[in-house]
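# Notes for the structure review
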Amino acid sequence: MEKIIYMDHAATTYVKDEVLKEMQPYFTKYYGNPSSQYSISMENKMAIELAKERISKVINCSPEEIYITSGASEADNWAIKGFALANKHKGNHIITTKIEHEAVLNTCRYLESMGFEVTYLPVDKEGFVKIQDLKEAIKENTILVSIIFANNEIGTIEPIEEIGEICKSKDIVFHTDAVQAFCKIPIDVRNKNIQMASLSAHKIYGPKGIGALYIKKGIKIHNLIHGGAQERGKRAGTENVPLIVGFGKAAELGIKIMEEESKRLSYLRDKLIDKLLQIDGVIVNGPVGGKRLPNNVNVCFQGVYGEDLVFLLDREGICASSGSACQASSMEPSYVLTALGLEKSLAKSSIRLTLGLQTKEEHIDFVGDKLKEIVERIRKNN
Ligand SMILES: *Cc1c(COP(=O)(O)O)cnc(C)c1O
């Protein structure tokens, strides 16, 4: 096996050299506690401010509205639990969808066990939330809507602007898990009426274990982590300065190349989809064209297990995924695909290929050819 062809950029990405380089001094030279008074700590404090400024620019908010977390899972937990607990006197109903990331879904299930009421909106066969369904789900006691910006499995970009407008008109707070959209498609929290958004560094060539929650000024949420006064008193714990610096640098570099890279990836995505469609019994999951993340390909191969494909692709040096990384070890089909209306057996025949900076045009041809070969071999042996 020669080189790895990595087509799982929605699961995680490598750390760019420039990002690592900017992080390094904060492990060794500037190791002071940002809360201390001497100058090596001042350097840290300023580095955190710069990172927040860089992150805030990507989503059009103020740096003071960015709160650092250990990743998007924590941000999702914090946004939903923290808001629910701080606002339960106003109501106990939350609206989300059936195709959220597990960090949102399992948080909502937990809140249900604590007496909150949750509506899980269905989606259409391409994964879009229907605005009419949202309107009908809103009740007197609805306090929060949490809808994913762009889905991690099938790439569907939700009608965020309309959702924001409805929430605004009903005076309901709107949280979005924007991890997969961040630095891939434009996000404007100010103009789209988004009050909270979850972000992660390791999906944009930054380090793992660091993310952020954007909380609009004036929105009240309870702390998840109590202790010292870090993050303006909202999240305790000594700041992980090197990782925060890496996150900021990754965001700065990511937004710089976003437009160009999106164009390049959309072209490669469509080329790969066209190539796969030439294989018999192939079904594309998620939308075709503009309302799909530029780097997402998700298809079913009828009569073939996705898990077998991932295993056999791995032997050829190709990294792909069946289901999302978090549930890939379970034998259940993807709940995102079953929410689209796919039969269980069909849903189990899916694989996801997500493209990124490492993807070159020749990889598209190579992966397309290998998949054809593998699928035909499996079918012949069945
Ligand atoms: C990866 C991902 C998460 C989890 O982010 P972590 O930083 O790994 O906790 C949450 N939501 C979506 C949509 C993701 O793709």
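Each remark here, short or long, concerns the structure printed above.
All of the points below concern the structure found in this document. (Residues numbered from 1 in each chain as written. Predicted model: local features only at pLDDT ≥ 70, side-chain atom pairs only at ≥ 80, totals over all residues. Heavy atoms only, no water.)

Here the focus is the side chain of asparagine 87. Considering the arrangement of structural elements, one finds asparagine 87 in the loop between helix 4 (72-86) and strand 3 (93-97). By relative accessible area, asparagine 87 is classed as buried at 3%. Not counting the four nearest positions on each side in its chain, asparagine 87 is found in contact with Ile143 and Lys220. (Helix = DSSP H or I, 4+ residues; strand = E, 2+ residues; numbered from the N terminus. Buried < 20%, exposed > 50% of the residue type's maximum accessible area, 1.4 Å probe, protein only. Contact = heavy atoms within 4.5 Å.)

Under the criterion given, the structure shown has 21 salt bridges. The salt bridge involving glutamate 252 is made with lysine 249; its shortest N-O contact spans 3.0 Å. Within this pair, glutamate 252 and its partner lysine 249 are both found in helix 8 (residues 241-277), separated by three residues, close to a single helical turn. On the basis of relative accessibility, which here comes to 13%, the residue lysine 249 falls in the buried class. (Salt bridge = Lys/Arg side-chain N within 4 Å of Asp/Glu carboxyl O.)

Working definition: an aromatic ring pair is given by the centre-to-centre distance plus the angle between the planes. Tallying each qualifying case throughout the model produces four aromatic pairs. On the numbers, 5.2 Å between centres and 65 degrees between planes, the contact of tyrosine 14 with tyrosine 205 is edge-to-face. Taken together, the residues tyrosine 14 in the loop between strand 1 (5-6) and helix 1 (17-23) and tyrosine 205 in the loop between strand 7 (196-200) and strand 8 (211-215) connect sequence positions 191 residues apart. Ring geometry for tyrosine 26 and tyrosine 30: centres 5.3 Å apart, planes at 40 degrees, overall tilted. By relative accessible area, tyrosine 30 is classed as buried at 18%. For lysine 81, the ring lying beneath its charged end belongs to tyrosine 110, and the centroid distance is 5.2 Å. (Phe/Tyr/Trp six-rings, centres within 6.5 Å; stacked < 30°, edge-to-face > 60°. Lys NZ or Arg CZ within 6 Å of the ring centre and 35° of its normal.)

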